[in-house]
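Inside the fold
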Amino acid sequence: MSLHLFFITLCVSFTHPGGSDVLHAYSPGDIIIGGLFPFHKQTDRNTTHGPSSCSEFDLQTFLQSQVMIYAIREINQRTPRVLPNITIGYDIYDTCGDVSFAIEATLKLLKDQSDPKSCLVSENFQTKTKAVIGAKHSEVSIAVARVVALSSVTQISYTSTTQLLSRKLKFPTFLRTISSDEYQTKAMAELVGKFNWKTVAIIGSDDEYGKYGSDNLFDLFSEMKDVCVEFLEILPGDFSNKKNTSRDQHQPRFDNNLWSIIYNSSAEAIILFTKLSNVEVIMQEAIRNNLNRTWIASDSWSTSESIFKLRGIERAGQVFGFISKRKKVPGFKDYVLSKFNGTTNTILEHFLTLNPLCPKQPEENSEANCLIQNSQQGSNRSLDLRCLANHIDQDTSYNTYLAVQVVVEGLRRLLKCDSHHCGRSADFTAYELLLEIKKVNFTVDTTQIEFDSNGDPISLGFDVVYWNMTASDIQTIGEYWPNKCIKLPVELVEKMSNVLVTAYNCSKTCEQGQELKIKHKCCYSCESCAEGDFSPGNGSKCEKCGVERYSSPLKDTCLDKTVEFLLWSNAFIIILSCLAVFGILVIVVFAVLFTIYRRTPIVKAVGGYLCFLELLSLLACFCLIFSFIVEPTKASCRLGLPLFGISCSLCISCILANLLQILLSFNFDWSKGSWMKKLNQPALIVIVVPGVQLALCVPWLYFYPPSTDEIILVNTILKQCTKGSKLFFIAMLCYNSFLALICFLFAFKGKKLPDLYKNASLVSMSMMLFLIVWILFIPIYISNFGKYKRAIQSAAILVFGYSILFLHLAPKCYIMVFRKEINNERAITEYIRKHYEQRGIAVVKS
């Protein structure tokens, strides 16, 4: 009872929304198929209450309605019969593209046809209309779907594509013979990707078709990452109805803010996903302003003749579009040329009243009467049927034809019909037919028809069209099938994708070593990567190479940094190595000579056994050279400097002990030199003096040991040793320098003593050289940077070693080999006697 009252309420609310009856055609039959078509494109509806009327008669919609009538007539007359002994009728209404008109028409379809003036439904609610074909616009189809669902009447739309209608919980009886916008938007996104377009703009409308479609596009482009949506504009519902008060009273007023956005856009393509009437307004403004843009058309206007034939349409720019797979309705063109095979209906009569057919017209003049009257008033010009046939579209008309075939196939399955009879009468519920229609799986003229659980066709795709302005033709250039890749001409894809800089001076990709930097929203320019960054090109962002790599000269890739340290092949290292080896050989030779002549006075003059400790410390210094000129390792870094410090201290301590022996040997006033006699203990000196250095180096090695370190440079990694603790390092050098200074002072004082072998003089020279070298070494070492820093350390050690060898020990070896005559005690005694006699000092006292 509540459903009954609901229909009464709706009927009272929507009966005669206009001032005159809407366009309607009816043909009786055992089973009625309803039809909803927007024969008029506009209404004069506004915010004030009152009756509305329709205007702008649409030729193509008229032809599409005739396709439905033609298909039903064909079914009824086909031999053998598809539905034997059953006649199908139709009940077609004009929706004017308006929800209110559509709901009124739907209520009329569902009422009891036995009483045309009544809006009441019977208690058992068995409507004679078993299926409804329509509506055209998604917004209207949604409203209709909510009403027909109450009576379980099947609704099959031929153009409504919004994804919202796929929700079966809301629209359980809705099906369609066109793929949903889910696939149309995917096809558009693939087209943008194929053409390498990086910037797009989207214009939708405030209805279910435009809003859901534009939102879905935005989501798809967001997922693509490399496509930027410059703007997404939603047109208001009355966009195409606003009248212009300043220019043409009959032209809709264009929103100045929207035009400014479009005009200043740098988008490579503008997608118009809205209804035809809105597109007409935008394209007229584009023509007026010579906009010359690239447009992507949704199926609502991609094959629209009214827009394609606008004067100056080429000034608007190029158009790519999508339309459901196009096919000719079998035999329909011949049907039109045959003056509709003598049939008649109210809609056809209305059209012929507006556009009377000429009885006979020469072929050459047929194009002269191809202007179709788009108004309620009549035309004074006659229309040639051949011209009318040229207006038959191959998309919506074919989808309408398929919708009729789907209903008939459902009836055939439900009524169990063969070519002779049906196993069941036409007394069935609309719900039973709905269940059968959902199961259909058949072929119509090579087109496979099957529905998924959402009521969407499984195997219906889209054609990709291009508006060839030169040839005045809308050409099919590709195709898209659900869940497959878009197919486009290879040469066209190459041509479009090879455009690297747009007409608005925006870069789409960059050369190697460059990245895209944003100039303003969705517009980029190419800028070189910074030092240490790289980019393989193609618009990729510059990325860091990392600390161990550096960018190539072109900054297109990263190269491994070379680890820099002194190599054996380096000329400087070869020289240092040769000097170190030579020094070792000299030490070995000197050691042999000192061993052979160990009992001679000259060996005793240089400290006896102390000379062997001196040679051993020098050998350690020369061997340490190799730890400074190889690749730094943990062991070489940790032991190099401390061992040199200890060896150097040992060497100087030996010399110091020898100098004390010489000084005390010629000090005849023992009472005055009693404190010096206590110092004349060579063994104690060579233990204590290096021991102090050892005491410095042990905590150095334990707490702050030298270690390897890597300094990251631009193209290299410098591998070197750190000192660990600067304090201990300076203390080690200062201590050795202090010892050298004491040796120098003792040696300088001993120069006046009768020393046949000139020990004091030679030691003072070597110590002076030691001090000069290390004084010069410190600033050079501190200021120097790089792999040669350790080589400078090696050079300083070599200078120290050679100064001791050649200024202190080499003269002794020379005497051993070449001046043997003075290497005896008699020669020494004679030299001392003469030294004192020259100064008038008696050598022997009585």
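Values in this document were obtained by computation on a predicted structure and should not be read as measured data.

As summarised here, the arrangement of the 7 strands in space is β10-β9-β11-β12-β13-β16-β17, forming an open sheet in which the pairing is mixed. Looking at strand neighbours, the two that pair on one side only are β10 (228–235) and β17 (473–480), the edges of this open sheet. Strand-to-strand twist across the sheet, computed as the mean angle between neighbouring axes with direction ignored, equals 20°. Examined bridge by bridge, strand β9 (residues 199–205) and β10 share 6 bridges and lie parallel to one another. Residue pairing across strands places Ile203 opposite Glu233, the latter belonging to β10.

Taken in spatial order, the 6 strands make up an open sheet running β1-β5-β2-β6-β7-β8, and their pairing is mixed. Of all the strands in the sheet, just β1 (24–27) and β8 (174–176) have a single pairing partner and so form its edges. Averaged over all pairs of adjacent strands, the angle between their axes in this sheet comes to 20°, without regard to strand direction. The sheet contact formed by strand β2 (residues 31–37) and strand β5 (residues 88–94) spans 7 bridges and is parallel. Looking at the pairing, Ile31 lines up with Ile88 of β5. On top of the sheet, helix α4 (residues 138–148) reaches β2, β6 (129–133), β7 (154–157) and β8; it is set at about 165° to β7, its chief contact.

Time to look at the pairing of strand β16 (residues 462–468). Of all 7 residues in β16, 6 are buried, a share of seventy percent or more. Inspection of the sheet shows strand β13 (residues 317–324) paired to β16 by 5 bridges, in the antiparallel sense. Looking at β16, one finds that Ser324 is bridged to Phe462. With 7 bridges connecting them, β16 and β17 associate as antiparallel partners. Within the sheet, the bridge partner assigned to Asn468 lies in β17 and is Asp473. Linking two consecutive strands that pair antiparallel, namely β16 and β17, is a turn of 4 residues; a positive phi of about 50° is found at Ser472 within it.

Moving on to helix α11 (residues 346–354). Listed as buried for α11 are Ile347, Leu348, Phe351 and Leu354. Down the axis of α11, the buried set is contained in an arc of 125°. They therefore lie on one face. Buried residues belonging to α11 abut β1, β4 (54–57), α2 (59–77), β5 and α12 (385–389). Taking the backbone nitrogen of Ile347 as reference, a side-chain oxygen 3.2 Å away marks Asn345 as the first, capping residue of α11.

Once that is clear, we can look at the packing of aromatic side chains. Inspection of the entire model under this criterion finds 27 aromatic pairs. Here the aromatic rings of Trp301 and Trp467 are separated by 5.6 Å at their centres, their planes lie at 80°, and the arrangement is edge-to-face. You can see Trp301 sitting in the loop between β12 (293–297) and α9 (305–308) and its partner Trp467 sitting in strand β16, a full 166 residues away along the chain. Each member of the pair, Trp301 as well as Trp467, is classed as buried. Seen in terms of ring centroids, Phe622 and Tyr802 are 5.1 Å apart; in terms of plane orientation they differ by 80°. Their pairing is edge-to-face. One end of the pair, Phe622, is in helix α18 (residues 609–628); the other, Tyr802, is in helix α24 (residues 789–818), and 180 residues separate them in sequence.

Our next topic: unusual backbone geometry. Of the consecutive residues Thr79 and Pro80, the connecting peptide bond is found in the cis state with omega at -5°. Note on placement: Pro80 falls in the loop between α2 and β5. A cis amide bond links Gly134 with the next residue in sequence, Ala135, at an omega value of 0°. Here Ala135 lies in the loop between β6 and α4. The phi dihedral of Ser152 is positive, around 60°, even though this residue is not glycine.

Owing to its 3.6 residues per turn, the α-helix brings residues three or four apart onto one side. A rise of 1.5 Å per residue sets the reference length of helix α21 (residues 682–703), with its 22 residues, at 32 Å; its end C-alpha atoms lie 32 Å apart and thus fit the reference within 8%. At Gly691, α21 shows its strongest bend, of approximately 25°.

Structurally, Phe174 can be placed in strand β8. Note on Phe174: relative accessible area 1%, which makes it buried. When the C-alpha positions of Phe174 and Gln155 are compared, they lie 4.9 Å apart, and in sequence the two are 19 residues distant. Not counting chain neighbours up to four residues away, the residues in contact with Phe174 comprise Ser141, Gln155, Ser157, Ser160, Leu165, Lys168, Asn454 and Gly455.

For the coordinates displayed, the defined rule picks out 8 disulfides. The partner cysteine of Cys228 in its disulfide is Cys522, sulfur to sulfur 1.8 Å. Across the disulfide from Cys228 to Cys522, rotation about the S-S bond amounts to roughly -60°, and the bridge is consequently left-handed. Linking Cys228 in strand β10 with Cys522 in the loop between β18 (514–520) and β19 (523–528), this pair joins segments that are 294 residues apart in sequence. Take Cys228 and Cys522: they sit in the same class, and that class is buried. No disulfide involves Cys651; its sulfur sits 6.7 Å from the nearest other cysteine sulfur, which is in Cys621.

Let us now look at the nonpolar core. Within the largest apolar cluster, 73 residues are counted, with the highest numbers of intra-cluster contacts made by Phe590, Phe594, Phe800 and Leu805. Looking at this core, the elements that each hand over two or more residues are α16 (571–596), α17 (601–605), α18, α19 (634–665), α21, α22 (726–749), α23 (759–783) and α24. A total of 14 residues in this core trace back to one element, the largest contributor, which is α24.

For the rest of this paragraph, the subject is the pairing of strand β25 (residues 707–712). Of the strand pairs in this sheet, β25 and strand β26 (residues 716–722) are connected by 6 bridges, and their pairing is antiparallel. Across the sheet, the residue bridging to Ile711 is Leu718, located in β26. In textbook terms, the turn of a hairpin is the stretch between consecutive antiparallel strands, and for β25 and β26 this stretch comprises 3 residues.

Glancing now at the confidence of the model for the chain. Interpretation of this model should avoid reading the predicted coordinates in detail wherever pLDDT is low. When the pLDDT values of the chain are averaged, the result is 82; 84% of them are 70 or greater. Low pLDDT (under 50) marks residues 113–123, which in the prediction has 19 contacts with non-local residues, meaning those over four places away or in another chain.

Turning next to the packing of α16 against α24. Each pair of packed helices gets described by two things: the angle between the helix axes and the distance between those axes. Relative to each other, α16 and α24 sit at 30°, their axes nearing to 10 Å. The pairing of α16 with α24 is recorded here as roughly parallel in orientation. Where α16 crosses over α24, the two elements pack in a sense that is left-handed. Of the residues in the contact of α16 with α24, the class split is 21 nonpolar, 2 polar and 1 charged.

Looking now at the side chain of Thr106. Within the secondary structure, Thr106 sits in helix α3 (residues 99–110). Residue contacts for Thr106: discarding those within four places in its chain leaves Leu36, Val144, Val147 and Val148.

This part takes up the packing of α18 against α21. In the contact formed by α18 and α21, the axes pass within 11 Å of each other and the chain directions differ by 20°. Regarding the angle of α18 to α21, the classification is roughly parallel. Between α18 and α21 lies a crossing of left-handed hand. Seen from α18, the contacting residues are Tyr609, Leu610 and Leu613; seen from α21, they are Pro682, Ala683 and Val686.

What counts, and where the lines are drawn
Residues numbered from 1 in each chain as written. Predicted model: local features only at pLDDT ≥ 70, side-chain atom pairs only at ≥ 80, totals over all residues. Heavy atoms only, no water. Pairing = 2+ DSSP bridges. Helix = DSSP H or I, 4+ residues; strand = E, 2+ residues; numbered from the N terminus. Axes fitted to C-alpha atoms, helices over the stretch in contact; angles between N-to-C directions. Contact = heavy atoms within 4.5 Å. Buried < 20%, exposed > 50% of the residue type's maximum accessible area, 1.4 Å probe, protein only. Arc of directions from axis to C-beta. Polar contact = N/O pair within 3.5 Å; in protein donor to acceptor, adjacent residues only side chain to side chain. Phe/Tyr/Trp six-rings, centres within 6.5 Å; stacked < 30°, edge-to-face > 60°. Expected span 1.5 Å × (residues − 1). Bend = angle between axes of the 7 residues up to and from the residue. Disulfide = S-S within 2.5 Å. Core = buried A, V, L, I, M, F, W, Y, C linked by side-chain atoms within 4.5 Å. pLDDT = per-residue confidence, 0-100. Parallel < 35°, antiparallel > 145°, perpendicular 65-115°, else oblique. Left-handed = near helix turned anticlockwise from the far one by under 90°. Nonpolar A, V, L, I, M, F, W, Y, C, P; charged D, E, K, R; others polar.

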